[in-house]
Every structure is written in structure tokens, then in C-alpha cells.
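Examining the three-dimensional arrangement
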Amino acid sequence: MNSADSALVLFSGGQDSTTCLAWALARYKRVETIGFDYGQRHAIELTVRPTVLHKLHGFSPEWNNRLGEDHMIDLSLISKISDTALTSNVEITMLENGLPNTFVPGRNLLFMTVAATVAYRRDLNVLVGGMCETDFSGYPDCRDDTMKALQVALNLGMATNLQVATPLMWIDKAETWKMAQDLGGTALVDLIRSETHTCYLGERGALHDWGYGCGTCPACALRARGYADFIQQ
Ligand code: ZN
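Thresholds applied
Here the residue numbers are simple positions, counted from 1 along each chain's written sequence. Predicted model: local features are reported for residues with pLDDT of at least 70 only, side-chain atom pairs are reported and counted for 80 or more only, and whole-chain, interface and lining totals are derived from all residues. Remark: hydrogens and water are excluded; side-chain values derive from all non-hydrogen atoms of the structure. Between the N-to-C directions of two axes lies an angle of 0 to 180 degrees, each axis being a line fitted to C-alpha atoms and, for a helix, fitted only over the stretch in contact. Each helix is a run of H or I in the DSSP string that is no shorter than four residues. Each strand is a run of E no shorter than two, and both are numbered from the N terminus. To sort the angles, those under 35 degrees are grouped as roughly parallel, those over 145 as roughly antiparallel, those from 65 to 115 as roughly perpendicular, and the leftovers as oblique. Crossings are sorted by hand: turned counterclockwise from the far helix by less than a right angle, the near helix makes the crossing left-handed, and turned clockwise it makes it right-handed. Contacts are residue-level and defined by heavy atoms, with any inter-residue pair within 4.5 Å sufficient. Just so you know the grouping, Ala, Val, Leu, Ile, Met, Phe, Trp, Tyr, Cys and Pro go in nonpolar, Asp, Glu, Lys and Arg go in charged, and all remaining residues, Gly too, go in polar.

The interhelical angle for the contact between helix α2 (residues 44-57) and helix α7 (residues 173-195), taken along N-to-C directions, is 165°, at an axis separation of 11 Å. In terms of their interaxial angle, α2 and α7 are classed as roughly antiparallel. Here α2 runs over α7; the crossing is right-handed. Along its contact with α2, which presents Val-48, Thr-51, Val-52, Lys-55 and Leu-56, the element α7 presents Leu-188, Leu-191 and Glu-195. Of the residues in the contact of α2 with α7, the class split is five nonpolar, one polar and two charged.

Following this line, the structure appears as C-alpha cells:
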């Protein structure tokens, strides 16, 4: 049986995945990161990634020792096989099936499967993702059951004993800020506030108290409200 002492974190450069990365660095001896370039219409997330990684290396000697290789994977095929508001320049709206048109069908399934392949090669035991059921847009591939089923499917299909860990699954955005505070104090909260990127529109003009962003898209609204709730606690 594998001991769960090393992790591969799905790291996009946003608030959630940065908090997940800090969570993994506090827990596992060896931590690597994986990111996906899938033709996001605003590539800002991808440009903030190296800065966040660099700052996490500098955060403490222990985290510096634990944080290893970053794997950047080209998944541009996603924009070729799907048509969503995240990869094409259309307005963000709700679809008839109740899902927002920012939903990329199968994206997290594909991400986890590719991550499992890299984890296999790198001999890493835990896949860490920022999927969350609590205050998300109802993306079916963020569900706990989806992730649990995928863990079983991956382990059956690859003869592995990988764990899929989703530390944010049952907490809201205010609790995600609180988790960062607990893991790395005000310094980590400030790092996440000023360096990570969440805005769907790729807006990075003014620094608000909750970070950069347009302030009105669903991702910004969620992040801003969560930060306000966190500060009031
Ligand atoms: Zn925004």
C-alpha cells in the first residue's frame, strides 16, 4: 500500500487552487503542481502562476523544500472540441439545462485523468483539486461523488492506489480565506489577495480589498462576498 506522503496539485493560479497548494505544502513531504493551457480566453491565470509559485517557494524553508516541479500541459484540444464562454469570446449566460455557459463539459474529468498520468510517472500518491460543491455554479464535474467515482475509475484503470483529495469540497469562500489564514497567517492571505487571479473576464486593473478583478462577473462576486464575510468573522 502506498503511504500518502506526496501530492500533485491542480494549480491554475486562482484563489482556490493556491489555497489547495498551501494545504498540500502543510501536509505532504513532496508536492508538485500541474497546470493546463486549454485556450482560456484570458490567459492571465497562466501568467500569475509562476509568480505565485515563486512567492510560495519564498514563504518558508520547509515549503521551499517540499515544493517541486511544475508541469504545464497543453490541452488546447478542449477549445477545439467544445464551445463555452471560457474559451470563446461570448457573453456569460445561463443555458436551458441550468448550467452557465462557462461550463466546459468534461473538463475536470480530463484534468484529473491527465494529472493521474503525470502522478503515475512522478510517483506521487495524492491528487489535490479545488473542486467545491458549496457555493459553486452547480458544475456536475465539481461534485464529491464525481471525484470519488473518478478516483475509483483511475485506480482500476491504472492499477494504482491514488487518493483524490478535495479540501475545499464542503466549505464556502469565506472559509477558504479562513483556511489560508490558518495555514499561513496574514502573509498567505495577502499573497492570495494580491497575486492570484479568479476573474472570468481577465480584468486586472485595480486592486480591491479582495484582490484584482472586474468585481461583477460571477467569479469576482463570489470572491468579494467571501472576503467580506471572512473579514467580518
Ligand atoms: Zn470578474
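Its identity as a non-glycine residue notwithstanding, Asp-123 has a phi of 60°, on the positive side. Mapped onto the secondary structure, Asp-123 falls in the loop between α5 (107-122) and β4 (126-128). With a phi angle near 55°, Ala-159 is a residue other than glycine that sits in the positive phi range. Relative to the helices and strands, Ala-159 is located in the loop between α6 (144-158) and β5 (163-165).

The values are spatial; any link to function lies outside them.
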